[in-house]
Amino acid sequence: QVQLVESGGGLVQAGGSLRLSCAASGSTFSSYGMAWFRQAPGKEREFVAGINWNGGSTYRADSVKGRFTISRDNAKNTVYLRMNSLKPEDTAVYYCAARYTLITRKPIEYDYWGQGTQVTVSS
């Protein structure tokens, strides 16, 4: 079992930055691939970024390439999402997710989820 708690969301103006954090507990964090998803009102949950167990491989959605960076600190059991040059279309609830194997882009294939943190980007 893995428990995930996100933090760091908030209201920011377009062009601004935020850093989301996801703190994990309950199992061996370094065994899990980690990902960030987001869900805007009326839309499906979508993959934003993922990172493998040791941080050696990262993946990002085309819509966030060049702006968002995912990283992890296994000593702190935490995964981060640094978001720069934010746009109004980035507004969503952002979720952290864990998977005990390779990173995928399908929400249904993840085993554990956090409760989400709201990110709102004003124009």
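Residues numbered from 1 in each chain as written. Predicted model: local features only at pLDDT ≥ 70, side-chain atom pairs only at ≥ 80, totals over all residues. Heavy atoms only, no water.

Colleague: Help me understand the state of the cysteines, please; the structure alone is not making it clear to me.
Modeller: Disulfides are covalent bonds that connect the sulfur atoms of two cysteines. The tally for this structure, following the rule as stated, stands at one disulfide. In this model, cysteine 22 is linked to cysteine 96 through a disulfide, with the two sulfur atoms separated by 2.1 Å. Its S-S torsion of approximately -75 degrees makes the covalent link between cysteine 22 and cysteine 96 left-handed. With cysteine 22 in strand S3 (residues 18–25) and cysteine 96 in strand S9 (residues 92–99), this pair connects stretches of sequence that are 74 residues apart. The class of cysteine 22 is buried, set by a relative accessible area of 0%. (Disulfide = S-S within 2.5 Å. Helix = DSSP H or I, 4+ residues; strand = E, 2+ residues; numbered from the N terminus. Buried < 20%, exposed > 50% of the residue type's maximum accessible area, 1.4 Å probe, protein only.)

Colleague: Would you take a moment to explain the side chain of threonine 117 for this structure?
Modeller: In this structure, threonine 117 sits in strand S11 (residues 117–122). Judged by relative accessible area, which is 11%, threonine 117 ranks as buried. Side-chain polar atoms of threonine 117 contact the backbone nitrogen of glycine 9, separated by 3.2 Å. Not counting chain neighbours up to four residues away, the residues in contact with threonine 117 comprise Glu6, Ser7, Gly8, Gly9, Leu20, Ala92, Val93 and Tyr94. (Polar contact = N/O pair within 3.5 Å; in protein donor to acceptor, adjacent residues only side chain to side chain. Contact = heavy atoms within 4.5 Å.)

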